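Working through the structure, step by step
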Amino acid sequence: MAIVFSEISYFKDPSPGSLPMDYQTFLLSLAGPTVIDITGQDASRCRVITSLLHGNEPSGFIAIHRWLTSETRKPATNIRFIIASTEAACLSPLFSHRYMPGGKDLNRCFGSRENSGYYLRARLIADAINRVSPEIVVDLHNTSGSGPAFAACHGINANVLSLTSFFCETIILSAIRLGALLEQDFSCPTITVECGGCNDELAHELAYEGICHILTCETTRYFHQEREVEVVYQPHRLRLKGDINLSYGGQYSGAPGLTLKAAIEQYNFTGARRGEVLGWLDHLGLDNLQLTDEQGKDIIGEYFSVSGHQLLCATEMRIFMATAIRDIAINDCLFYVIKTGH
Ligand SMILES: [Zn+2]
């Protein structure tokens, strides 16, 4: 399938009856990135909700489809829904590909000077957001592995916390720059919500409830928080170096590179204590791994140690986005860590 990077389809106020009733058919009916504009009661304001930047993270898309096919009430303001990586999501089986084989991760292509291919697509999506001068932007994703929902942001204030409280109880304030949509300045509160695991019904429900809340609330400024939101600071991305081998298992087997515990995703829920064994390393030890701070300084020794072949936590830490999906762990990161101990 040849991909057209220079086009986005636009629809306005589709009637619920005009859309396929199941989201799979709806996805297959989309020719590429799609913007759906809904006219609100106050048409002078607009809120933007993006989904499917990653083709294997369907909760936002499923929730948007559910709202489009069921809701007849006008939202409080104009809404711009953006559905991004339809080609990747359409590959069989549906919602199994983060991005196209041989292609690029779209959520690593924002804010680039390059102006072709996936960079051009990212620019067109950012333009589509800027054009409506949104009062909020919410980018809906799923966690790589199973885990509780959380949000992420690059700047925090009361409005960001309120917006987060529509979805979940935790927000990560990040300084990591990867070329994600979240890093772009839309001059308004902007959050990413990782709704939970991509096969988790609760994640789809969380996305839907959050969307309904956003669409019906009169103002997104200074309203109360739905629940307390915990802010956690400065995650770091643990990655494999170069083409180090990754496997999963229950003990050291002599495999080259890193063997992660097969049940690694459990740490998304529990965090990890000092001395916890997360996996096993070959003779290269921590040299298999990279963990740097914002200045690029190597900080692997502050977080991890090796004993025998065991990969040990050197401190108490929160763990986010740990995944047993080997492909994502290799190409994106093993997981994010945030120190909680001293
Ligand atoms: Zn994602």
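Residues numbered from 1 in each chain as written. Predicted model: local features only at pLDDT ≥ 70, side-chain atom pairs only at ≥ 80, totals over all residues. Heavy atoms only, no water.

1. Regarding the domain arrangement of the protein
For clarity, the threshold we go by: Start and end points for every domain follow an automatic or database-based domain assignment. Residue contacts are counted whenever heavy atoms from the two residues lie within 4.5 Å of one another. Joining two parts hides part of their accessible area as seen by a 1.4 Å probe, and the buried area is that hidden amount summed over both. What makes a salt bridge here is a side-chain nitrogen of Lys or Arg within 4 Å of a carboxyl oxygen of Asp or Glu, nothing more.
Structurally, the protein comprises domain 1 (9-233) and domain 2 (236-339). Each of domain 1 and domain 2 was reduced to a C-alpha centroid, and the two centroids are 29 Å apart. On the domain 2 side, the residues contacting the 21 residues of domain 1 number 17 residues. Per-residue buried area on domain 1 facing domain 2 is highest for Ser144, Ser146 and Ile176; these three make up 31% of the total on that side. Measuring nitrogen to oxygen at the nearest pair gives 3.2 Å for the salt bridge that ties Arg318 to Glu230.

2. Looking at the coordination of the zinc ion
To keep it simple, the criterion reads: Metal coordination here is assigned from N, O and S atoms located within 2.8 Å of the ion, or within 3.2 Å for Na, K and Ca; omission of water means that sites may look incomplete. Only four donors with every angle between 85 and 135 degrees are called tetrahedral; only four or six donors with opposite donors over 155 degrees apart and all others between 65 and 115 are called square planar or octahedral, in that order; all others are irregular. Numbering of helices and strands starts at the N terminus; helices are DSSP runs of H or I of at least 4 residues and strands are runs of E of at least 2. Here the term buried applies to any residue with accessible area under 20% of the maximum for its type, exposed to any over 50%, and partly exposed to those in between, with areas from a 1.4 Å probe on protein chains only.
Distances from the zinc ion to its protein donors, namely His54 (ND1), Glu57 (OE), Glu57 (OE) and His141 (ND1), fall within the range 2.0 to 2.6 Å. Taken together, the four donor atoms coordinating the zinc ion and their angles of 54 to 142 degrees define a geometry best described as irregular. Donor residues binding the zinc ion come from one chain and are separated in sequence as H-x2-E-x83-H. Within this pair, whereas Glu57 is found in the loop between β3 (42-51) and α2 (59-70), its partner His141 is found in strand β5 (residues 137-143), the two being separated by 84 residues in sequence. For the pair Glu57 and His141, one class covers both residues: buried.

3. Focus on the environment of Thr77
Examined against the element boundaries, Thr77 turns out to sit in strand β4 (residues 77-83). Here Thr77 falls in the buried class, since its relative accessible area comes to 0%. For the pair Thr77 and Ser9, spaced 68 residues apart in sequence, the C-alpha to C-alpha distance is 22 Å.

4. Looking at the sheet that holds strand β14 (residues 289-290)
Strands pair in a sheet through their backbones, by hydrogen bonds, and they do so in one of two ways: parallel or antiparallel. Selection criterion: Between any two strands, pairing holds if DSSP finds at least two bridges.
Taking strand neighbours across the sheet as the criterion, the four strands line up as β14-β10-β18-β17 in an open arrangement whose pairing is antiparallel. Here the strands that pair on one side only, and so sit at the sheet edges, are β14 and β17 (317-320). Across two bridges, strand β10 (residues 236-240) lies against β14 in antiparallel orientation. Bridging from a neighbouring strand, Arg239 pairs with Gln290 of β14.

5. Re the packing of aromatic side chains
Selection rule: For this analysis, a ring pair means two rings from Phe, Tyr or Trp (six-membered ring only for Trp) whose centres lie within 6.5 Å, classed as stacked if their planes differ by under 30 degrees, edge-to-face if by over 60, and tilted for the remaining angles.
Tallying each qualifying case throughout the model produces seven aromatic pairs. Here Phe5 and Tyr118 contribute two aromatic rings whose centre-to-centre distance is 4.6 Å and whose plane-to-plane angle is 65 degrees, an arrangement assigned as edge-to-face. Separated by 113 residues along the polypeptide, Phe5 in the segment before β1 (9-12) and Tyr118 in helix α4 (residues 117-130) bring together distant segments of the chain. By the burial criterion, Phe5 is buried, and Tyr118 matches it. Ring geometry for Tyr23 and Phe95: centres 5.9 Å apart, planes at 50 degrees, overall tilted. A residue pair is termed long-range when its members are at least 10 positions apart, and Tyr23 in helix α1 (residues 23-28) and Phe95 in the loop between α3 (86-90) and α4 qualify at 72 residues. On the basis of relative accessible area, Tyr23 is assigned to the partly exposed category, the value being 26%. By relative accessible area, Phe95 is classed as buried at 13%.

6. Some details on the nonpolar core
Note the following rule: Among buried residues, the Ala, Val, Leu, Ile, Met, Phe, Trp, Tyr and Cys ones that are joined through side-chain atoms within 4.5 Å form a nonpolar core.
In terms of nonpolar packing, the biggest core is built from 44 residues, with Leu68, Phe81, Val138, Phe167 and Ile214 touching the most fellow members. With eight residues, helix α6 (residues 201-216) is the largest single contributor of residues to this core. Membership of the second largest hydrophobic core comes to 26 residues, among which are Leu260, Ala272, Ile300 and Val337.

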